[in-house]
Amino acid sequence: MSHLPRPLPVLVLAVTAALMVGGCARKPQQPDPATTGSIGPQAEESLKTSVDSWARRYVEAPENRDTILGYAQALRLNGQTQQSVEVLRRAILVYPKDGQIASAYGKALASNGDLETALKVVRNANSLTTPDWRLLSAEGAILDQLGNVGEARKAYQTALKIVPDEPSVLNNLGLSYLLANEAANAEATLRKAAAQPRADSRVRQNLALALGLQGKFDEAEKVARAELSPAQAQENVNYLRAMLAQQSTFKDVRQPDRRKTGA
């Protein structure tokens, strides 16, 4: 698999375990856990506060499903991946057939670098007769990280048959295209994701990244500025321009699209 340039300071391209469905309950001002990619502009400042808040809830109710999911996600986003794994390892014993718990556990394992175990967890938790789209999207993300792009795309497409136009699945598929240096396909997929009413900020920031990687800076800047503070948006745009100036780097990014169009 080809390698993209290093990620933007704020527009964080998810090339690790974040390429997965989380399945945590939504909370006000928290990113949708089923969406991969950039963390919202307020997230870095509020991560520790979020961990502390969830930790207090977890101490009070360690077997509450929503608390487990929220605490595990907060830990993972704060870089405390091993602790997130341990919280969810215990949760699996309490909720052995819960698809969202299994998906979150797989995500934590992958964030901690244990991709093979993560893949086994999400596959074992899924059902061949009534598959869970969240687990399919998680499986696809792990397969992408393992370099099995073909199987990853099949998993995403199967998930989309269950939940057509689900923005979190489209987002993961779009990032799959970005990882494969298929920026035009990534743009089209992320546009579709961003158009969905439930798409969150990270979907639109990933769209801005896909646009920027193709040199479409005016539109990328417009998308970025709608989501970030002026300073953060300008930082992203400046960084994209600096990367584009390195023609040798972006030649590889654009080449797959030129081959497809015959240019």
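The rules behind these values
- Residues numbered from 1 in each chain as written.
- Predicted model: local features only at pLDDT ≥ 70, side-chain atom pairs only at ≥ 80, totals over all residues.
- Heavy atoms only, no water.
- Phe/Tyr/Trp six-rings, centres within 6.5 Å; stacked < 30°, edge-to-face > 60°.
- Helix = DSSP H or I, 4+ residues; strand = E, 2+ residues; numbered from the N terminus.
- Buried < 20%, exposed > 50% of the residue type's maximum accessible area, 1.4 Å probe, protein only.
- UniProt positions renumbered as here; feature names shortened; annotations may be inferred.
- Axes fitted to C-alpha atoms, helices over the stretch in contact; angles between N-to-C directions.
- Parallel < 35°, antiparallel > 145°, perpendicular 65-115°, else oblique.
- Contact = heavy atoms within 4.5 Å.
- Nonpolar A, V, L, I, M, F, W, Y, C, P; charged D, E, K, R; others polar.
- Expected span 1.5 Å × (residues − 1).
- Polar contact = N/O pair within 3.5 Å; in protein donor to acceptor, adjacent residues only side chain to side chain.
- Salt bridge = Lys/Arg side-chain N within 4 Å of Asp/Glu carboxyl O.
- Core = buried A, V, L, I, M, F, W, Y, C linked by side-chain atoms within 4.5 Å.

As recorded in an unreviewed UniProt entry, the protein goes by the name Tetratricopeptide repeat protein, listed as coming from Prosthecodimorpha staleyi.

A separate point is the packing of aromatic side chains. Each aromatic ring pair is characterised by the separation of its centres together with the angle its planes make. Throughout the structure, instances matching the rule amount to 1 aromatic pair. With centroids separated by 4.9 Å and ring planes inclined at 35 degrees, the aromatic side chains of Tyr-58 and Tyr-71 adopt a geometry described as tilted. With Tyr-58 in helix H1 (residues 43–60) and Tyr-71 in helix H2 (residues 65–77), the pair connects residues that are 13 residues apart, well separated along the chain. For Tyr-71, a relative accessible area of 8% corresponds to the buried category.

Our next topic: the environment of Arg-204. Tracing the chain through its elements places Arg-204 in helix H10 (residues 201–213). C-alpha of Arg-204 to C-alpha of Ala-220: the two residues are 16 residues apart in sequence and 9.6 Å apart in space.

Another point: the UniProt feature "repeat: TPR" (unreviewed entry) in the protein. When the UniProt feature table is mapped onto this chain numbering, "repeat: TPR" (unreviewed entry) sits at residues 133–166. Secondary structure across residues 133–166 comprises 79% helix and 0% strand; the distance between its end C-alpha atoms is 10 Å.

This part covers the packing of helix H6 (residues 133–145) against helix H8 (residues 167–179). Closest axis-to-axis distance for the H6/H8 pair is 10 Å, and the angle between their directions is 10 degrees. Classified by the interaxial angle, the pair formed by H6 and H8 is roughly parallel. Every residue of H8 that contacts H6 at Trp-133, Ser-137, Ala-141 and Asp-144 is listed here: Ser-168, Val-169, Asn-172, Ser-176 and Leu-179. For the contact of H6 with H8, the per-class residue count stands at 4 nonpolar, 4 polar and 1 charged.

Right, let's talk about H2 for a bit. With 13 residues, H2 should cover 18 Å at 1.5 Å per step; its first-to-last C-alpha distance of 18 Å lies within 8% of that length. In terms of residue burial, H2 counts as a mostly covered element, since 10 of its 13 residues are buried. Along H2, the positions that sit buried rather than exposed are Thr-67, Ile-68, Leu-69, Gly-70, Tyr-71, Ala-72, Gln-73, Ala-74, Leu-75 and Arg-76. Where H2 begins, the capping side chain belongs to Asn-64, and its oxygen is found 3.2 Å from the backbone nitrogen of Asp-66. Following H2 by one or two positions, Gly-79 has its phi on the positive side, about 85 degrees.

Okay, the pattern of salt bridges next. By the definition in use, this model includes 14 salt bridges. Between Arg-65 and Asp-66 there is a salt bridge, with the nearest N and O atoms lying 3.6 Å from each other. With relative accessibility at 32%, the residue Asp-66 sits in the partly exposed group. Note that Asp-98 and Arg-65 form a salt bridge whose closest N and O atoms lie 2.6 Å from each other. Taken together, the residues span a long stretch of sequence, with Asp-98 in the loop between helix H3 (81–94) and helix H4 (99–111) and Arg-65 in helix H2 at a distance of 33 residues. Judged by relative accessible area, which is 16%, Asp-98 ranks as buried. We classify Arg-65 as partly exposed; its relative accessible area is 25%.

Looking now at the nonpolar core. If you look at the biggest cluster of nonpolar residues, it comprises 58 residues, and the most contacted ones within it are Ile-68, Tyr-71, Val-87, Leu-88 and Leu-178. Once residues lying within four places of it in the same chain are set aside, the contact partners of Leu-88 are Ile-68, Ala-72, Ile-101, Ala-104, Tyr-105 and Ala-108.

With a phi angle near 65 degrees, Asp-165 is a residue other than glycine that sits in the positive phi range. Along the chain, Asp-165 turns up in the loop between helix H7 (149–162) and H8. With relative accessibility at 31%, the residue Asp-165 sits in the partly exposed group. Its identity as a non-glycine residue notwithstanding, Asn-181 has a phi of 60 degrees, on the positive side. Positionally, Asn-181 belongs in the loop between H8 and helix H9 (183–194). On the basis of relative accessibility, which here comes to 3%, the residue Asn-181 falls in the buried class.

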